[in-house]
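# Architecture and fold: a report
Chain residues, written in single-letter form:
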Protein chains: 2
Amino acid sequence: MKNDIQGKDVKLKILNAAKTLFAQKGYEGTTVRQICDEAGVALALVSYHFGGKENVFYALFETYAPSFLQKAYDLADPVADLQSLIREFARFRLAEPELINLLQQEVMMQSPRLEKVQHIVYALWLQLRAILEAGKRQGRFEYESLRHTVHFVVGTLIFTRNSPFLDPVLQSKEDLPVKEEQEDVIRYTISYILNGLKCNTP
Amino acid sequence: MKNDIQGKDVKLKILNAAKTLFAQKGYEGTTVRQICDEAGVALALVSYHFGGKENVFYALFETYAPSFLQKAYDLADPVADLQSLIREFARFRLAEPELINLLQQEVMMQSPRLEKVQHIVYALWLQLRAILEAGKRQGRFEYESLRHTVHFVVGTLIFTRNSPFLDPVLQSKEDLPVKEEQEDVIRYTISYILNGLKCNTP
DNA sequence: GTCTATAGATGGATAGAC
DNA sequence: GTCTATCCATCTATAGAC
């Protein structure tokens, strides 16, 4: 019993270290040694607990994104659905920015690991597509190309994060927000996207 | 003289191979052997011509993005400026999607290589920021947070590309555009972004 | 379950023939 | 300038002590 608890603890330490390092240096750019050093455990424990580096990657998503976007939308009110989807995605992004970062990398380079993880993101995009279609059909959204519009919205959703890269450029005039975050960011995002879709709604 | 020409040819073959592979598998995920195989040249030639893998990376940007976004905007007409910036960026993205992909990866993971390349993207974002500020001051754009709005626009611009990943999801109803592309995509992008900024303009 | 030590594979870079 | 063959560092994974 005590062993189990110790094991869980080590597994979690490895997962947390891997989450940070994968997001920061990419999957290939991260070594098992770095993960174990960061986690403060011995090199062998990645293989022992997960069966190899690649399984740490998969375990990351099973651990931190287990119930990601299971919500189903009935499309009766596409505007409300879209707002809900944006809110749900933004909350997850704010809670697990490293995971979004990592996912974005993998998506962008069409990594072979993506196959076992793509259902997470496919589900989201299919729902987004359905919402956009329904909204256009009902005259709530205006756009020309569904395909490109999905790209626009996904781009808006994914790229919005605490980017330590953009910040040196952007923080000269605006102070760092401390606690406004979360709900405000969500509000900004909803506003930008709905406007982008010419959605005539408060 | 003939040697020079041959050298140039090999250098270009290496650069083209590296551009594709880096974009597809990331910098760390790509090996010098893969690059040389893809280019059809011997392994040693990367070191001979470029002095190592890392310098191939830098040469990529010096070769394919030499005059990227040198245009300066006077901010007299922020709407026109923004349209111009979007158009310029979109054209580059359509011409060199791999480079944008690679740049996005590096930006996302804050890679150590970014330092020598970031001026390319800093320039763009500073100009974008200035345009957004000027546009708000002149009552042409509406948004709450400058910082987040820059993120939104950059996300829209960067993520929009021929994503081989999203396509299987998105192509069921819409046929693959063949020649409409280019100017139409630019039109869609401008429309989405200007609407996102509540810009009241045709 | 956790550690150290090491095996085995593969990475980037170079020596030297042509 | 280009090639083949090789060096050496580092990677992942595992064997075996505790």
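Anything mentioned here points back to the structure above.
Our subject in this report is the structure included herewith. (Residues numbered from 1 in each chain as written. Chains lettered and ligands numbered in written order. Predicted model: local features only at pLDDT ≥ 70, side-chain atom pairs only at ≥ 80, totals over all residues. Heavy atoms only, no water.)

Under the 1.5 Å per step criterion, the end-to-end length of helix α8 (residues 146–159) of chain B is 20 Å for 14 residues, consistent within 8% with the ideal 20 Å. A large share of α8 of chain B lies buried, amounting to 14 of its 14 residues. (Helix = DSSP H or I, 4+ residues; strand = E, 2+ residues; numbered from the N terminus. Expected span 1.5 Å × (residues − 1). Buried < 20%, exposed > 50% of the residue type's maximum accessible area, 1.4 Å probe, protein only.)

So, about the protein's contact with DNA strand D. Around DNA strand D, 20 residues are found, and the nearest of them are V32 and R33 of chain A together with A42, Y48 and H49 of chain B. Across the atoms of DNA strand D situated within 4 Å of the protein, the share located in sugar and phosphate is 52%. At 2.9 Å from a base oxygen of DNA strand D is found a side-chain nitrogen or oxygen belonging to R33 of chain A. Residue assignment for the surface near DNA strand D shows that the elements contributing at least two residues are α2 (32–39) and α3 (44–50) of chain A together with α1 (2–25) and α3 (44–50) of chain B. Among the residues forming the surface near DNA strand D, the class breakdown is nine nonpolar, eight polar and three charged. (Near = heavy atom within 4 Å. Polar contact = N/O pair within 3.5 Å; in protein donor to acceptor, adjacent residues only side chain to side chain. Nonpolar A, V, L, I, M, F, W, Y, C, P; charged D, E, K, R; others polar.)

A word on the packing of aromatic side chains. What the rule picks out here adds up to 15 aromatic pairs over all chains. With a centroid separation of 5.0 Å and an interplanar angle of 25°, the aromatic rings of Y192 of chain A and F152 of chain B are classed as stacked. Here Y192 of chain A is found in helix α10 (residues 183–196), whereas its partner F152 of chain B is found in helix α8 on a different chain. No difference in accessibility class separates Y192 of chain A from F152 of chain B, as the two residues are buried. One aromatic cluster is present, formed by F22, Y27, F57, Y58 and F61 of chain A through successive ring pairs. The ring centre of Y64 of chain B lies 3.8 Å from the NZ or CZ of K19 of chain B, which sits over that ring. (Phe/Tyr/Trp six-rings, centres within 6.5 Å; stacked < 30°, edge-to-face > 60°. Lys NZ or Arg CZ within 6 Å of the ring centre and 35° of its normal.)

For DNA strand C, the set of nearby residues contains 18 residues, the closest of which are A42, L45 and H49 of chain A together with V32 and L43 of chain B. Taken together, the sugar and phosphate atoms account for 56% of what DNA strand C places within 4 Å of the protein. Taking Y48 of chain A, its side chain carries an N or O atom lying 3.3 Å from a phosphate oxygen of DNA strand C. Here H49 of chain A contributes a side-chain N or O atom positioned 2.6 Å from a phosphate oxygen of DNA strand C. If you list the elements that add at least two residues to the surface near DNA strand C, you get α1 (2–25) and α3 of chain A together with α2 (32–39) and α3 of chain B. Here the residues of the surface near DNA strand C are counted per class, giving nine nonpolar, seven polar and two charged.

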